[in-house]
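# Topology and contacts: notes
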Amino acid sequence: NNRVNLQMADPEFSAEELARYNELIEKGEETIDSSWEKFYEGVGFKVWRAPKEGSAGLYKYRSIGTIHCPAEQYFAFYRDLDYWKKWDENCEILEILERPNENTQVIYWSVSWPFPLTNRDYVYQRFSKV
């Protein structure tokens with residue numbers, strides 16, 4: 001089992017930036033600044049992307065959507081990695097690598113995609129604020 005060496009980076013967004021983005025969303029504004037482009041739009045869901053500085057060809061993403069269930073139910077679903085492994089038939093490995101603080105987790109997710117796609121390994125940091 002190969003392990004990834006992690007070095008924790010500063011969060012992509014500061015608490016102040018996150019508050020500003022939430023304010024924009026509440027006002028119905030769709031762009032943070034001109035570097036963001038709409039990448040996808042579906043029923044009740046939109047995704048934007050912007051080039052990641054210093055990483056040619058890589059992007060950072062921002063999404064907004066509406067989920068019709070109580071927030072507590074969604075939060076519990078999202079945080080339950082054991083249940084995720086049951087419903088996601090493409091999930092090979094899903095585990096918490098680090099817990100830098102009580103609100104942050106570093107997740108490793110190995111996905112076995114069907115042909116013609118190739119398998120992918122993701123390491124991402126998620127944080128929550130209730």
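Here is a short report on the structure shown in this document. Sequence order as written defines the numbering, with residues in each chain counted from 1. Owing to the predicted nature of the model, reporting of local features is limited to residues with pLDDT of at least 70; listing and counting of side-chain atom pairs is limited to 80 or more, with chain, interface and lining totals taken over all residues. Calculation of side-chain values draws on the structure's entire complement of heavy atoms; hydrogens and water are dropped beforehand.

## Overview of the overall build of the protein
Secondary structure follows DSSP: runs of H or I at least 4 residues long count as helices, runs of E at least 2 residues long count as strands, and numbering of each begins at the N terminus. Looking only at helices and strands, the protein features 3 helices and 6 strands. Three labels apply to residues, based on accessible area from a 1.4 Å probe with only protein chains included: buried if under 20% of the type maximum, exposed if over 50%, partly exposed otherwise in between. Put simply, the protein has 130 residues, and 19% of those count as buried. Contacts in the protein between residues at least 24 apart in sequence constitute 23% of all its contacts with a sequence separation of at least 6. Split by element, the accessible area of the protein, about 10200 Å² in all, is 50% carbon and sulfur. Two residues form a contact once any of their heavy atoms are found within 4.5 Å. Reported accessibility uses the Shrake-Rupley method at a 1.4 Å probe radius. Residues are deemed covered only where the shown protein chains occlude them.

## Quick notes on the pattern of salt bridges
Definition used for salt bridges: Asp or Glu carboxyl oxygen within 4 Å of a side-chain nitrogen of Lys or Arg. Counted according to the given criterion, the structure contains 3 salt bridges. The closest approach of N and O atoms between Glu37 and Arg49, which form a salt bridge, is 3.0 Å. Note that Glu37 is positioned in strand S1 (residues 37–42) and Arg49 in strand S2 (residues 45–51), a separation of 12 residues in sequence. Accessibility expressed as a relative area gives 38% for Glu37, which makes it partly exposed. Judged by relative accessible area, Arg49 falls into the buried class, the value being 18%. A salt bridge links Asp82 to Lys85; the shortest N-O distance between them is 3.8 Å. Of this pair, Asp82 and Lys85 both sit in helix H3 (residues 81–87), 3 residues apart, roughly one helical turn. Residue Asp82 is classed as exposed on the basis of its relative accessible area of 53%.

## Here we look at a nonpolar patch on the surface
Together, Phe39, Tyr40, Phe45, Tyr59 and Tyr61 make up a nonpolar patch on the protein surface, roughly 510 Å² of accessible area in all. Where the nonpolar patch is concerned, the elements lending two or more residues are S1 and strand S3 (59–65). Locating Phe45 in the fold gives a position in strand S2. Like-charged residues within 9 Å of one another, or nonpolar side chains (Val, Leu, Ile, Met, Phe, Trp, Tyr) within 5 Å, are grouped into patches, provided each residue has over 30% relative accessible area and no salt bridge.

## A short note on the packing of aromatic side chains
For Phe, Tyr and Trp, where Trp contributes only its six-membered ring, two rings pair if their centres lie within 6.5 Å, and the inter-plane angle classes them as stacked under 30 degrees, edge-to-face over 60, or tilted in between. Tallied over the full model, the rule gives 8 aromatic pairs. Relative to Trp87, the ring of Phe77 lies with its centre 5.6 Å away and its plane at 20°, an arrangement referred to as stacked. Residue Phe77 is located in helix H2 (residues 71–79), and its partner Trp87 is located in helix H3; the two are separated by 10 residues in the primary sequence. The partly exposed category is assigned to Phe77, whose relative accessible area is 38%. Working rule: Lys NZ or Arg CZ, within 6 Å of ring centre, within 35 degrees of ring normal, means a charge sits over the ring. Lying over the aromatic face of Tyr59, Arg49 brings its terminal NZ or CZ to 3.8 Å of the ring centre. Positioned above the aromatic ring of Tyr78 is the side chain of Arg126, whose terminal nitrogen or guanidinium carbon lies 4.7 Å from the ring centre.

## Points about the sheet that holds S3
Pairing between strands requires that DSSP locate at least two bridges from one strand to the other. The strand order across the open sheet formed by 3 strands is S1-S2-S3, and the pairing between neighbours is antiparallel. Each edge of the open sheet carries a strand with a single partner, namely S1 and S3. Strand after strand, the sheet turns through a mean of 20° between neighbouring axes, direction not considered. Here 7 bridges tie S2 to S3, and the two strands are oriented antiparallel to one another. Its bridge partner lying in S3, Val47 is registered against Ser63. What counts as an axis is a line fitted to C-alpha atoms, over the stretch in contact for a helix, and the angles between N-to-C directions run from 0 to 180 degrees.

In short, shape yes, function no, at least from these values alone.
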